[in-house]
Amino acid sequence: RSPSGVSVVEAAMQHTCSLDRLWLARAVVQDPKLLPHVAQARHGPGVISQVVAVLPERECARACQVLMHTGAELRNSRHGKKVLASLGSYGLGSADAGGCFASGC
């Protein structure tokens, strides 16, 4: 849960095979408290977009719901605002809206 840990996750998401990326994304999403923490970190927006890009639709939707439910917390962070803007750019104005901010969801 450190800023440097988020950058390590980002590097791992960029340099591992697709199966490892999937398992790493699932690990990030597994803890609902971790996802907003990651989103607020300097490298968070990139990590979040990579995480949801590799998740199957159902898991992606769950991750998006967690992020939307923590919208107030994310709006207090420069990087959290970027994540929310990404969610909004894909038509996710509410937590129960469908889809995700990766086109594969």
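1. Section: the overall build of the protein chain
Assigned secondary structure in the protein chain consists of seven helices and zero strands. For the protein chain, the sequential pattern of α-helices and β-strands runs α-α-α-α-α-α-α. By sequence separation, contacts in the protein chain at least 24 residues apart represent 64% of the contacts at least 6 residues apart. For the protein chain, the computed accessible surface area is about 5800 Å², with 53% contributed by carbon and sulfur atoms.

2. Examining the nonpolar core
Core analysis: the biggest nonpolar cluster contains 26 residues, and Leu35, Val38, Ile48, Val51, Leu55 and Leu67 have the highest contact counts within it. Looking at this core, the elements with two or more residues in it are helix H1 (3-15), helix H2 (18-30), helix H3 (34-39), helix H4 (44-54), helix H5 (57-69) and helix H7 (78-89). Tallying contributions element by element places H5 first for this core, with six residues. Once you skip the residues sitting within four places of it in the chain, valine 38 turns out to touch Val6, Val28, Gly44, Val47 and Ile48.

About the criteria used
- Residues numbered from 1 in each chain as written.
- Predicted model: local features only at pLDDT ≥ 70, side-chain atom pairs only at ≥ 80, totals over all residues.
- Heavy atoms only, no water.
- Helix = DSSP H or I, 4+ residues; strand = E, 2+ residues; numbered from the N terminus.
- Contact = heavy atoms within 4.5 Å.
- Areas by Shrake-Rupley, 256 points an atom, 1.4 Å probe, with all protein chains shown as cover.
- Core = buried A, V, L, I, M, F, W, Y, C linked by side-chain atoms within 4.5 Å.
- Buried < 20%, exposed > 50% of the residue type's maximum accessible area, 1.4 Å probe, protein only.

Treat this as a map of the structure, not an account of what it does.
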